[in-house]
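Single-letter residue listing:
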Amino acid sequence: MASTLDVEAKYDLITRRLQEVLGGDSIKAILAEGRLPKAYWGTAPTGRPHIGYFAPLTKIADFLRAGVEVKILLADVHAFLDNLKAPLELVAHRTKYYEFVLRTVFTSLGIPTSKLIFVQGSDYQLTREYNLDNYRLCATVTEHDAKKAGAEVVKQVESPLISGLLYPGLQALDEQYLGVDFQFGGVDQRKIFTFAELYLPRLGYAKRAHLMNPMVPGLMGGKMSSSDPDSKIDFLDPPEAVKRKIKKAFCEEGNITENGLLAFINAVLIPISQLRIERRKGETGVDSEEGQGAIGDQNPFVDDDAPEGTVFTIRREGKFGGPPSHYKNYQELEDDFSAKKVHPGDLKTAVNKAIDSLLAPIRKAFAESPEWQQIERLAYPDPNAKTEPKKKKEKVYHPPPPGKGKNAQVTKASAEYSEPPPSIGENTEPGAAGEL
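Residues numbered from 1 in each chain as written. Predicted model: local features only at pLDDT ≥ 70, side-chain atom pairs only at ≥ 80, totals over all residues. Heavy atoms only, no water.

With respect to the nonpolar core
Phe 54, Ile 60, Phe 182, Leu 269 and Leu 347 are the most contacted members of the largest nonpolar core, which has 77 residues in total. Of all the elements, helix α12 (residues 260-280) adds the most residues to this core, at 10 residues. Core analysis: the next-biggest nonpolar cluster, separate from the first, contains 27 residues, Leu 81, Tyr 130, Tyr 167 and Leu 203 among them. (Core = buried A, V, L, I, M, F, W, Y, C linked by side-chain atoms within 4.5 Å. Buried < 20%, exposed > 50% of the residue type's maximum accessible area, 1.4 Å probe, protein only. Helix = DSSP H or I, 4+ residues; strand = E, 2+ residues; numbered from the N terminus.)

What follows is the structure, encoded as structure tokens:
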């Protein structure tokens, strides 16, 4: 049995900075028994992954620090089922692309990929046992419940496909077939999570816990989405594209309710900064490998001379200038922005610099990997690329065999009306051969 202190400390690590936890007592019970919880986080390889992924991937460091066994599910079957977001012929390439991206991002965050288990959904979702369970589930779930469960995740259209109704059930079955104690995802997955809690026990399987992180808003407000280029920044966006998108982002002075940049600082930049500060102090829990082999700048987003406890610094530049502002938590920054003590231009500059430092090692890894570059071209082919016109086959004349072809009848007719030559010794007219 583990001590109460160990249980509470590990549970706090597992659940800190989350928006909601369902079934947390089951995780505490596992920790109290001295066992290590098992979890999975999944993603469907559809559009190009964006920097909103930093939020869940950074949180996975906390799981490893608490000794959780973490599986990363590349849900290729889900990608195809979700209203054909990823055409079947592209799914395999996009799955490989996502794995390249995720492994590189984890390494850039100092999270050891050796402790992560990557699983491709189709490796078990096409088995006889899984499909029989899927049929059992289909015989139990109502159309209303299936549609409601996927409302926030599956693309909603006027005439939905049956594939979208299967999506929540498959995600519920994943918990059983991956052998985990809890599933981790965004708060937009909540309806699927409660669906799994209701229906898995009806198949005789255990009810799992569910942990949810806040969603990262888009740069223009609303959800950061792969389908809206202006709402997101891709992991491989060049510096000039990052600068252009941040400059265009909605950031009204004093407005804290519809500010994608403030939300990104809260959900991504401050947690990464805290992660790096704790690592400097050796506060990595049971994960002794954290930080080893990390690529890129591993400094927190603070000035070197910032006061102890600072997690984010904003410098003031330009003609107005002024001393930098140091913040020990997000609330202090939000209060200053609301009071108009932080100008939108300074906020954008700080966010731009931080994002560029995060993306630099990822861009570098991509530039140095011909294999990744080839996968990228196959996964996301340029829709405007001009295809070379097919060359016309040169016609080569092949004469027909004797007695064949369009001249065959003419030749035959000519032969019938021509007289054979006379033979020698035959009576001939004067002047013919044999005349005396």
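Some thoughts on the packing of helix α5 (residues 88-108) against helix α14 (residues 344-367)
When two helices pack together, you describe them by how their axes are tilted relative to each other and by the distance separating the axes. Taken N-terminus to C-terminus, the directions of α5 and α14 make an angle of 135°; their axes are 9 Å apart at the nearest point. With respect to each other, α5 and α14 are oriented oblique. Note that α5 runs across α14; the crossing there is right-handed. Residue-level inspection shows Thr 104, Val 105 and Ser 108 of α5 in contact with α14, the latter providing Pro 361, Ile 362 and Ala 365. Tallied by class, residues from the contact of α5 with α14 come to four nonpolar, two polar and no charged. (Axes fitted to C-alpha atoms, helices over the stretch in contact; angles between N-to-C directions. Parallel < 35°, antiparallel > 145°, perpendicular 65-115°, else oblique. Left-handed = near helix turned anticlockwise from the far one by under 90°. Contact = heavy atoms within 4.5 Å. Nonpolar A, V, L, I, M, F, W, Y, C, P; charged D, E, K, R; others polar.)

Considering the pattern of salt bridges
Pairing between side chains becomes possible if they bear opposite charge and their charged atoms approach one another. Under the counting rule described, the total for this entry stands at 20 salt bridges. Lys 115 is the salt-bridge partner of Asp 287, the closest N and O atoms lying 3.1 Å from each other. With a gap of 172 residues between them, Asp 287 in the loop between α12 and β7 (312-314) and Lys 115 in the loop between α5 and β4 (116-120) connect regions that are remote in the sequence. Given the relative accessible area of 1%, Asp 287 is considered buried. Among the charged side chains, a network of salt bridges with common partners joins Arg 16, Arg 17, Lys 59, Asp 62, Arg 65, Glu 278, Arg 279 and Glu 290. (Salt bridge = Lys/Arg side-chain N within 4 Å of Asp/Glu carboxyl O.)

Describing the environment of Ala 209
If you trace the backbone, Ala 209 turns up in strand β6 (residues 209-213). Assessed through its relative accessible area of 0%, Ala 209 is described here as buried. Along the backbone, Ala 209 and Phe 184 are 25 residues apart, and their C-alpha atoms lie at a distance of 8.8 Å. With near-sequence residues (within four places) excluded, Ala 209 lies in contact with Leu 22, Gly 23, Ser 26, Ile 27, Asp 181, Phe 182 and Gln 183.

Interpretation in functional terms is not warranted from these geometric data alone.
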